[in-house]
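Below are the chains, spelled out letter by letter.
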Amino acid sequence: LATQAGLEVPRESPQARERAERRKSLYDVVEAAAAYFEECLWGPRGRAARDYLIGRGLDEAVIRRFRLGYAPEGGMLRRALKDQGIEDGALIEAGLLRRPDDGREPYAFFRDRVMFPITDRRGRAIAFGGRLMGDAKAAKYINSPDTPLFDKGRNLYNLANARLVAHDKGRLIAAEGYMDVIALTRGGLPESVAPLGTALTEAQIEAMWRLAPEPIVCFDGDEAGRRAAFRAVERVMPILRPGASLQFAMLPEGDDPDSLLASSG
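Residues numbered from 1 in each chain as written. Predicted model: local features only at pLDDT ≥ 70, side-chain atom pairs only at ≥ 80, totals over all residues. Heavy atoms only, no water.

(A) Summary view of the packing of aromatic side chains. Enumeration according to the criterion identifies eight aromatic pairs in this entry. Both rings, one in Phe109 and one in Phe110, keep their centres 4.9 Å apart while their planes meet at 85 degrees; by these two values the pair is edge-to-face. With relative accessibility at 3%, the residue Phe110 sits in the buried group. On the basis of an interplanar angle of 45 degrees and a centroid distance of 5.8 Å, the ring pair of Tyr141 and Tyr178 is categorised as tilted. Placement of Tyr141 in strand E6 (residues 141-143) and of Tyr178 in helix H8 (residues 178-186) is noted, with a sequence separation of 37 residues between them. Judged by relative accessible area, Tyr178 falls into the buried class, the value being 6%. Taken together through their ring pairs, the aromatic side chains of Tyr36, Phe37, Phe109, Phe110 and Phe128 make up a single cluster. Above the ring of Trp42, the side-chain terminus of Arg64 is found at 4.1 Å from the ring centroid. (Phe/Tyr/Trp six-rings, centres within 6.5 Å; stacked < 30°, edge-to-face > 60°. Buried < 20%, exposed > 50% of the residue type's maximum accessible area, 1.4 Å probe, protein only. Helix = DSSP H or I, 4+ residues; strand = E, 2+ residues; numbered from the N terminus. Lys NZ or Arg CZ within 6 Å of the ring centre and 35° of its normal.)

Set out below in structure tokens:
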């Protein structure tokens, strides 16, 4: 066919093959970490994390459905995955370890946090969000850094689970955070996704349009949520086209989808 059309068949270069192999092995690394975090959550050291999630109204079925986990303190992840033959270089490339500039040993990026696996469209774990349980001064939520598998401006939390439902219903809801998506799913709205700690990007809006013509943006009912909603307006205006827009559900002051569902059903 290529000869008839006067085209040259693209041939994979050795460099492209090497990149593909590295990506494939990184999927295995992130999946091993997700399984380890799950194991920690249900083990003795995950008790505080389990209590936190149950206190937020989640039952075991929901926790397991979303593969929530717990990242322990110290170098336990590094040691556990090294026992599986996974070296530091792969953990650093996957965003699970960081190497200090002063030459000290690599340290875990996520420590003492509840873990939310982030998947690609096919449901493969590619990154994590981590939430502190206490009132420490560190950031409440952090996400994996960008890696060969993960671009936080292009991915959406829960996209793999929401895809089929959104296609069937012709409706997609974008909330702000992980817990909002989980609450919406428990409330009968599994066609829900969330951006990953950033304002909605053009790439994320385009990804949502592939599932529904007018996704519903439902951010928190506070000043920050309203600012985020107006930033989404600014992002979508230049790329609006016939049959592709956004709708906005504005929540009562002080509510987010999680709290509104908890108080009002």
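Now, onward.
(B) Focus on the pattern of salt bridges. Scanning the entire structure with this criterion turns up 15 salt bridges. In this structure, Arg241 engages Glu206 in a salt bridge whose closest nitrogen and oxygen atoms are separated by 3.1 Å. Taken together, the positions of Arg241 in the loop between helix H10 (223-236) and strand E10 (247-248) and Glu206 in helix H9 (residues 202-209) put the pair 35 residues apart, joining distant regions of the chain. Within the structure, one salt-bridge network assembled from shared partners comprises Glu31, Glu38 and Arg67. (Salt bridge = Lys/Arg side-chain N within 4 Å of Asp/Glu carboxyl O.)

(C) Geometry of the sheet that holds strand E1 (residues 69-71). The strand order E1-E4-E5-E6 describes an open sheet built from four strands, whose pairing is antiparallel. The outermost strands of the open sheet, each flanked by one partner alone, are E1 and E6. For this sheet, the mean inter-axis angle between neighbouring strands, taken without regard to orientation, is 35 degrees. (Pairing = 2+ DSSP bridges. Axes fitted to C-alpha atoms, helices over the stretch in contact; angles between N-to-C directions.)

(D) Local environment of the side chain of Arg78. Relative to the assigned elements, Arg78 resides in helix H5 (residues 76-82). A polar contact is formed between the side chain of Arg78 and the side chain of Glu105, at a distance of 2.7 Å. Those residues within four positions of Arg78 in sequence are excluded, and the remaining contacts are Asp88, Leu91, Leu97, Glu105 and Pro106. (Polar contact = N/O pair within 3.5 Å; in protein donor to acceptor, adjacent residues only side chain to side chain. Contact = heavy atoms within 4.5 Å.)

(E) Representation of the sheet that holds strand E7 (residues 173-174) in the model. Read from one edge to the other, the open sheet built from four strands follows the order E8-E7-E9-E10, with strand pairing classed as parallel. The open sheet is flanked by strand E8 (192-193) and E10, the only strands paired with a single partner. In terms of strand pairing, E7 meets strand E9 (residues 216-217) through two bridges, oriented parallel. Counted as the bridge partner of Ala174 is Val217 from E9.

(F) Molecular detail of the packing of H8 against helix H11 (residues 257-264). One way to put it is that H8 packs onto H11 with a least axis distance of 8 Å and a crossing angle of 35 degrees. Residues Met179, Asp180, Ala183 and Leu184 of H8 form the contact with H11, whose participating residues are Pro257, Asp258 and Leu261.

(G) Molecular detail of the pairing of strand E4 (residues 113-119). For E4, the buried fraction is high: seven of the seven residues fall into the buried class. Relative to E4, E1 runs antiparallel, the two being bridged by three bridges. Across the sheet, the residue bridging to Ala71 is Arg113, located in E4. Direction of pairing for E4 relative to strand E5 (residues 125-131): antiparallel, over a ladder of six bridges. Within E5, the residue paired with Phe116 across the bridge is Gly129. Between E4 and E5, which pair antiparallel in sequence order, lie five residues; one of them, Gly123, sits at a positive phi of approximately 85 degrees.

(H) Layout of unusual backbone geometry. Although it is not a glycine, Asp112 sits at a positive phi angle of roughly 55 degrees. Its relative accessible area of 26% is what places Asp112 among the partly exposed residues. With a phi angle near 75 degrees, Asn158 is a residue other than glycine that sits in the positive phi range.

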